[in-house]
Amino acid sequence: MTLKARIAALIEAQGPMSVAQFMTIALLDPKDGYYATRDPFGAQGDFTTAPEVSQMFGEMLGLWMLQAWADQGCPKNPRLVELGPGRGTLMADMLRAASVEPDFTNDLEIVLIEASPVLQQMQAEKLRGFGADISWQPQFDDSLSDRPLFLVANEFFDALPVRQYVRSERGWHERMVTALDGELDFALAPVPVPLPIIPQDRETAPQGGVYETSPAALALAENIAAIVTQRGGAALMVDYGYDAVTGFAETLQAVGGHRFADVLAAPGDDDLSAHVDFAALAQAGRRGGAAVFGPVTQGALLASIGITERAEQLMKLHPDSAADLLSATERLIGADQMGKLFKALAFAPPGVAGFAGFA
Ligand code: SAH
């Protein structure tokens, strides 16, 4: 039975499901979920992420993290956590760069948060050479609250499930997924509900306007902020998304083989993601007690912490790769490429004056 058929059968048995539940099953079903069954990255896969574009991305983030640790007086027993490490490339590049300061890397406990056993395996192979203390957990939880927390996440929050509410003349209705004869469709819940978080401009939303929110992302961000606040550390979250709510449009999308697809067409085969609401994520960080920096664009962050200098240095070492290094740099920081759509947000304990690249 395909995953789509199983979802349809579940809906026929229990009634319509939320978009968030659909997204969770489509991405993480242990047998047929998108992430549970494959390596989706790179030219052969469905999308290419920044660490897969160039080693420079991870190197820059590794030095950023090292600096954040040094600025807080080099706390003992730091824990480095990555959410959704994909192929393990970002962590490998970060560790290599940060090992210029062995006092940081030798002392690190590394925890990788990864739901997919296939990707866990891939990460273990990639990181075998580092001899570091590395363990895996399928989700972030309170076992990570007893040490200074240095956390990085690239293209993780966009994979967390969103709920959608659509405005009618009677109020806001949750958008649900229904099933008929094995086919999936969207339908609005008949009874309007209060919005879980009230967007300030909700009264100006047009009929049919969509309010999208990720309760899972906000709860996680608040929890991370609370740990950073209590124990020290830093959290750096990079993702594609928007800074302020942009006109009640939905952003949930499906991508397969580098092309956009219909969200309901092929659960488990296409990647599903939604733009990250950075304003809401920043608010969640403040609720957790943290000092919040950004969002700044990925282009501004990487340029300000020295990616161009790093590219020049690599070009001297490897003149044959000069053209590739230039185009990779442009892809990461160019405003018409990843430089502007992707943004970075950082959490620090209250009292920390700032972070590199977040002026
Ligand atoms: N950070 C990587 C991969 C991004 S893709 C990169 O930049 O290349 C998203 C990653 O998060 C994948 O590793 C996926 O398996 C993992 N993931 C997605 N949803 C998750 C969840 N709810 N819990 C744990 N891991 C999840």
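For the structure itself, look to the data block above.
Quick look at the structure, then. (Residues numbered from 1 in each chain as written. Predicted model: local features only at pLDDT ≥ 70, side-chain atom pairs only at ≥ 80, totals over all residues. Heavy atoms only, no water.)

With respect to the overall build of the protein
Next, step 1: Broken down by element type, the protein carries 12 helices and 16 strands.
Next, step 2: Rg of the C-alpha trace for the protein: 21 Å, near the compact-globule value of 21 Å for 359 residues, within the 12% margin.
Next, step 3: Oriented by its inertia axes, the alpha-carbon framework of the protein measures out at about 60 × 45 × 40 Å.
Next, step 4: The 359 residues of the protein split such that 54% are buried.
Next, step 5: Sequence-distant contacts, at least 24 apart, represent 76% of the contacts inside the protein between residues at least 6 apart.
Next, step 6: A total of about 15,600 Å² of accessible surface is found on the protein, and carbon and sulfur atoms cover 53% of it. (Helix = DSSP H or I, 4+ residues; strand = E, 2+ residues; numbered from the N terminus. Rg over C-alpha atoms; globule rule 2.2 N^0.38 Å. Buried < 20%, exposed > 50% of the residue type's maximum accessible area, 1.4 Å probe, protein only. Contact = heavy atoms within 4.5 Å. Areas by Shrake-Rupley, 256 points an atom, 1.4 Å probe, with all protein chains shown as cover.)

Here we look at unusual backbone geometry
Next, step 1: Cis geometry marks the peptide bond from Gly 294 to Pro 295, where omega comes out at 5°.
Next, step 2: With a phi close to 50°, Cys 74 is a non-glycine residue in the positive phi region.
Next, step 3: Within the secondary structure, Cys 74 sits in the loop between helix 4 (55-71) and strand 2 (79-83).
Next, step 4: A relative accessible area of 34% places Cys 74 in the partly exposed class.
Next, step 5: If you check the backbone angles, Asp 181 has positive phi at about 50° while not being a glycine.
Next, step 6: Mapping Asp 181 onto the fold places it in the loop between strand 7 (171-180) and strand 8 (183-188).
Next, step 7: We classify Asp 181 as exposed; its relative accessible area is 75%.

Topic: the pairing of strand 5 (residues 149-154)
Next, step 1: Of all six residues that make up strand 5, six are buried, and the element is covered over most of its length.
Next, step 2: Side-chain alternation along strand 5 places Leu 149, Leu 151 and Ala 153 on one buried face and Phe 150, Val 152 and Asn 154 on a second face that is also buried.
Next, step 3: Examined bridge by bridge, strand 2 and strand 5 share five bridges and lie parallel to one another. Paired with Arg 79 across the two strands is Leu 149, which belongs to strand 5.
Next, step 4: Bridge count between strand 5 and strand 10 (residues 233-242): six bridges; the pairing is parallel. Looking at the pairing, Ala 153 lines up with Met 237 of strand 10. (Pairing = 2+ DSSP bridges.)

Quick word on the pairing of strand 8
The side chains of a regular strand alternate between both faces of the sheet.
Next, step 1: Summarising the sheet, strand 7 and strand 8 pair through six bridges and their orientation is antiparallel. Paired with Ala 179 across the two strands is Leu 184, which belongs to strand 8.
Next, step 2: What sits between strand 7 and strand 8 in their antiparallel hairpin is a turn of two residues, with Asp 181 showing a positive phi close to 50°.

As for the nonpolar core
Next, step 1: The biggest cluster of nonpolar side chains holds 49 residues, and the ones touching the most others in it are Trp 64, Leu 236, Phe 355 and Phe 358.
Next, step 2: By residue number, the principal contributor to this core is helix 4, which donates nine residues.
Next, step 3: Listed in part, the 32 residues of the second largest apolar core include Ala 153, Leu 160, Ala 280 and Phe 347. (Core = buried A, V, L, I, M, F, W, Y, C linked by side-chain atoms within 4.5 Å.)

A closer look at helix 9 (residues 278-287)
Next, step 1: Inspection of helix 9 places Phe 278, Ala 280, Leu 281, Ala 282, Ala 284 and Gly 285 among the buried residues, and these make up the whole buried set.
Next, step 2: Lining the buried residues of helix 9 we find helix 8 (215-231), strand 10, strand 14 (276-277), strand 15 (291-297) and strand 16 (342-348).
Next, step 3: Capping the start of helix 9, Asp 277 holds a side-chain oxygen 3.3 Å from the backbone nitrogen of Ala 279, two or three residues further along.
Next, step 4: Remark: Gly 289 follows helix 9 within two positions and exhibits a positive phi of approximately 100°. (Polar contact = N/O pair within 3.5 Å; in protein donor to acceptor, adjacent residues only side chain to side chain.)

Points about the side chain of Thr 89
Next, step 1: Locating Thr 89 in the fold gives a position in helix 5 (residues 89-98).
Next, step 2: Only 2.7 Å separates the side chain of Thr 89 from the side chain of Glu 52, close enough to count as a polar contact.
Next, step 3: Those residues within four positions of Thr 89 in sequence are excluded, and the remaining contacts are Pro 51, Glu 52 and Lys 126.

Brief notes about the environment of Arg 163
Next, step 1: Here Arg 163 shows up in strand 6 (residues 163-168).
Next, step 2: Other than its neighbours up to four places away in sequence, Arg 163 contacts Ser 18, Ala 20, Glu 174, Tyr 211, Glu 212, Thr 213 and Pro 215.
Next, step 3: Among the polar contacts made by the side chain of Arg 163, one reaches the side chain of Glu 174 at a distance of 2.8 Å.

What to know about the pattern of salt bridges
Next, step 1: Per the counting criterion, the structure on display carries 16 salt bridges.
Next, step 2: When the shortest N-O distance is used, the salt bridge between Arg 6 and Asp 32 registers 2.8 Å. Note that Arg 6 is positioned in helix 1 (residues 3-14) and Asp 32 in the loop between helix 2 (19-28) and helix 3 (50-53), a separation of 26 residues in sequence.
Next, step 3: Given a relative accessible area of 22%, Asp 32 falls into the partly exposed group.
Next, step 4: When salt bridges that share partners are traced, they join Arg 6, Asp 29, Lys 31 and Asp 32 into one network. (Salt bridge = Lys/Arg side-chain N within 4 Å of Asp/Glu carboxyl O.)

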